[in-house]
Amino acid sequence: MGKFRVKLFKFFGYLLRQIPAIINFIRFLLSKFFKWRKARMHRYHRLVWYRKILNITVTSFVYFLIFLFLVDINFLWLFGKSPGIYAISHPDQSNASIIISADGKVIGKYFRENRMSVKFEEISPIIIKTLIATEDERFYQHFGIDVKGVFAAIKDMMHGNARGASTITQQLVKNMYKTRGQYSRGLFGHIPGVKLLIMKTKEWTSAVKIEIFYSKEEILTMYFNTVDFGSNAFGIRTAAKTYFKIKPRQLNYEQSALLVGLLKATSTYNPKLHPIRSKERRNVVLQNLVSHKILTQHQFDSIKEIPILLNYSVEQSYDGEALHFRAYLAKYLKDWEEANGYDIYSDGLKIYVTIDSRMQKYAEEAVQKQMHAVQRRFFEHWRGQNPWQDENHVEIKNFIEDIAKKTKSYSILDDIYHGNIDSIFKYLNNPHRTIVYDFDKGEKDTTFSVMDSIRYMNNIMHSSFVAMEPNTGKVKAWVGDISFKFWQYDKVAQSKRQPGSTFKLFDYTAAIMNGKSPCDLMTDKPVTWNYVENGQPKSWTPRNTNGTYLSYPMTLKHAFARSINSVAVQVAQEVGMAQVIKYAYLLGIKTPLDDKPSTSLGSSDVSLLELVNSYSTVINEGMYHDPIIVSKIEDKNGNVIYVANTEQKRVIPYESAWLMTEMLKGGMTEPGGITQALWEWDLFKFDTDFGGKTGTSSNHSDAWFVGVTKNLIGGAWVGGEQRCVHFRTGVYGEGSRTALPVYALFMEKVLKDESLKQYRGRFPTKPKETITKSYTCHTYVRRDSSANDSLVIPDMPEGVPLEESTEIPVEVVK
């Protein structure tokens, strides 16, 4: 680097020493030029008049060609950059990327300019003829510049009737290459009058280049794919969909005339905003078709009376389905874009995702239906009180005010009022018209102050749901919250909350891996765990959900099915939290976990996606895979540029996965298994086995359920946006009451759909490998212990887990 600098300084020093020589050379050239010019002028004065005119004409034309050349090459950086040969032959056009579901449906787009390219044969011949007749009647005769049109425009301008003379090719240059913005730089480009001349010159030279490289059909196709029709509709395909909900090939005369008429001024003649003005402009275009003998006068008289019939819908970036998923997908692809030089917002990619639009619809419907019921119960539960209370049921002071201070409105007012809190909150308490979320209508228009809105929105309960195939890792449904419009924060992958008893999967997996079997016995009894944290001795004494202990031995399968805390803690204590955390990471948890005893009952935050993927590893016979959300990506030419990594790796032995699957199935087969709440739904006539695990954090802030079948796993979470907003009791707030119904409603619809019957199926009854540990034990419960060894499963109160009922004698049969 040092040698390079020395050479650079020497080079500049050499140039400075040559300045006198350069100046002398320029003076020599100028003197020669002026001598030549003087001699030429002398000969010019001796010419007859008609030769003088010819001389002036030829000279002007030569000077004009020289000027075009100098502008095109940006001589001495005076004129700004022009589109070069490469840019002309490789036009950089912004196209929307489409997201295609696993069942072949377009569920959304990414775009800056909402444009979808079409081929020439996909465009209606009617709108082609209409465009040419209106914008460039000599399109097929000229070579980019309509000389006759230019002189006609000059003549009209001299008579005070200024008009444009740009050809379709020149308009294409302006639209595609942004010659009036991106390329209009340079010293002369800042001079008002000269600037316009330079811009027109660039359009002329670039238009000629385009005519050299492309056929007339290709030019028309590029034009229709680039032109702005207003209403965020770039290109004819988007315009036809936005204004009429049809394809470009289906455009008729009145529709074509309306769209071509828009090109003069997209806002002025917008048919939605100015229907009368738009109709008048449409009829002017139609009358012009009569002048060009495309329509007869009789046809025009008939068509002009047709009212403007719109099927108008402006497509926004977040229209469509699976909005939280698409927002996550954009972030997911960011590193890939940077590494491979693609832009999903402008490169016209086809992104094939694993989401199934049918299953996505069922998932969204399940969340909405269940959360409508949950919200109704929540309002009733907290009637007359604010739900943001501490563990002692005392309302948290300044809760709403603290949230308000984090809002954008507060930040703006803080600048305006120079930090005067009284003035800021006075303004924040002023009522105004606003739109807030509503469970019945989706949203409602009401009169609220900012503070009222915060209070109202923090009374809303939230939910998320994700479903995936355990054998492939493909995510099939993704609901990030109850409404994307009001809550963009994704609660599938982005949000992390306490998983409660769903974390017990890792406690028991660690136990199985350390020699335990599902049929080993442990007693439900109080347990204290002594440990050291930050050098200080501590002890932790957890309790069961209902605060009581059954005090008799039970199998691990039975304890897991009934979600008995004391047994899960004893298991974790015996193998050690290091082992529990180790297998949590191996199965799929990515979030760092707290190495402390309470983590065994799910006190350390995780995301719903990683939790469900961990259950997927168990059902997938101990083979781990990352969740797959994109199967492949194609560029705008159909070339495959990305293929999902489907690699799987074994993280626990087949036997351990088999045993943990049996444990999950125990939730349905063991007496008092909490997953048996699924019997309330129409799920069991489709020849499908179920298993699963509920979870509830200690203060009911987070409610979970992960349900498993052979071919599909689903997980649901329910809770408040703020952790202090929750139900006060398990009767309303536990996972089996709030989250499990979301899964059940979803699976009910999936199993009933004949087109999705691949997700039906029973778990294998025979293992692929020899299982060395006992797992076929089953717990029977005596209804009447005095009966002659009559062992039956008792009827339980509807929806009430067994551990909340009275103590019942049990017997284990192996």
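The structure presented is a predicted model; accordingly, all values stated were derived computationally and were not measured. (Residues numbered from 1 in each chain as written. Predicted model: local features only at pLDDT ≥ 70, side-chain atom pairs only at ≥ 80, totals over all residues. Heavy atoms only, no water.)

Undergrad: Quick rundown of the packing of helix α15 (residues 357-381) against helix α28 (residues 740-752)? Include the residues and the values.
TA: Between α15 and α28, the shortest axis-to-axis distance is 8 Å and the interhelical angle comes to 140°. Of the possible angle classes, the one that applies to α15 and α28 is oblique. In the packing of α15 onto α28, the handedness of the crossing is right-handed. For the pair α15 and α28, contact is made by M359, Y362, A363, E365, A366, V367, K369 and Q370 and by P741, V742, L745, F746, K749 and V750, respectively. In the contact of α15 with α28, the residues fall into 10 nonpolar, one polar and three charged. (Axes fitted to C-alpha atoms, helices over the stretch in contact; angles between N-to-C directions. Helix = DSSP H or I, 4+ residues; strand = E, 2+ residues; numbered from the N terminus. Parallel < 35°, antiparallel > 145°, perpendicular 65-115°, else oblique. Left-handed = near helix turned anticlockwise from the far one by under 90°. Contact = heavy atoms within 4.5 Å. Nonpolar A, V, L, I, M, F, W, Y, C, P; charged D, E, K, R; others polar.)

Undergrad: Which residues make up unusual backbone geometry, and what are the values?
TA: The backbone of K293 shows a phi angle near 60°, a positive value even though the residue is not glycine. With respect to the helices and strands, K293 occurs in the loop between α11 (275-291) and α12 (297-303). Here the phi dihedral of H393 falls at roughly 60°; this positive angle occurs in a residue that is not glycine. The topology assignment puts H393 in the loop between α15 and α16 (399-404). Exposure remark for H393: the relative accessible area of 48% places this residue in the partly exposed category. (Buried < 20%, exposed > 50% of the residue type's maximum accessible area, 1.4 Å probe, protein only.)

Undergrad: Would you mind going over the pairing of strand β13 (residues 630-634) in detail, with residue names and values included?
TA: Relative to β13, strand β3 (residues 350-353) runs antiparallel, the two being bridged by four bridges. Bridge pairing in β13 links V353 to V630. Note: β13 against strand β14 (residues 640-643), three bridges, orientation antiparallel. Residue E634 lies in a different strand from β14, and its bridge partner there is V640. Hairpin connection of β13 to β14: five residues between the antiparallel strands, including G638 at a positive phi of 90°. (Pairing = 2+ DSSP bridges.)

Undergrad: I'd like to hear about the pattern of salt bridges, residue by residue, with values.
TA: The tally for this structure, following the rule as stated, stands at 32 salt bridges. One salt bridge in this structure joins E634 and K632, with 3.4 Å as the shortest N-O distance. By relative accessible area, which is 29% here, K632 ends up partly exposed. Put simply, E662 and K665 hold a salt bridge, and the shortest N to O gap is 3.0 Å. Of this pair, E662 and K665 both sit in helix α25 (residues 654-669), three residues apart, which is roughly one turn of that helix. The pair E662 / K665 is uniform in exposure class, with both members buried. (Salt bridge = Lys/Arg side-chain N within 4 Å of Asp/Glu carboxyl O.)

Undergrad: Go over the packing of aromatic side chains, please, and point to the residues and values.
TA: Tallied over the entire structure, the rule returns 28 aromatic pairs. Plain terms: the ring middles of Y437 and F486 are 6.0 Å apart, the flat faces sit at 70° to each other, and that makes the pair edge-to-face. Of this pair, Y437 sits in strand β4 (residues 432-438) while F486 sits in the loop between β7 (475-479) and α20 (504-513), and the two are 49 residues apart along the sequence. For Y437, a relative accessible area of 2% corresponds to the buried category. With a relative accessible area of 18%, F486 lands in the buried category. A ring pair is formed by F486 and W487, whose centres lie 6.1 Å apart and whose planes are at 55°; its orientation type is tilted. Residues F486 and W487 agree in their burial class; the two are buried. Taken together, the ring pairs in this structure connect W679, F684, F690, F705 and Y743 into an aromatic cluster. Sitting over the face of the ring of Y352, K632 holds its NZ or CZ atom 4.9 Å from the ring centroid. (Phe/Tyr/Trp six-rings, centres within 6.5 Å; stacked < 30°, edge-to-face > 60°. Lys NZ or Arg CZ within 6 Å of the ring centre and 35° of its normal.)

Undergrad: Can you tell me about the sheet that holds strand β17 (residues 702-708), naming the residues and giving the values?
TA: The strand order β7-β6-β18-β17-β16 describes an open sheet built from five strands, whose pairing is antiparallel. Strands with a single pairing partner mark the edges of an open sheet, and in this sheet they are β7 and β16 (691-696). Taking the axes of each pair of neighbouring strands and ignoring which way they run, one obtains an average angle of 10° across the sheet. Sheet topology places β17 next to strand β18 (residues 713-720); seven bridges connect them, and they run antiparallel. Bridge assignment links F705 to a residue of β18, and that residue is A716. Against the sheet, α28 makes contact with β6 (461-468), β7, β16, β17 and β18, and its axis sits at roughly 45° relative to β6, the strand it touches most.

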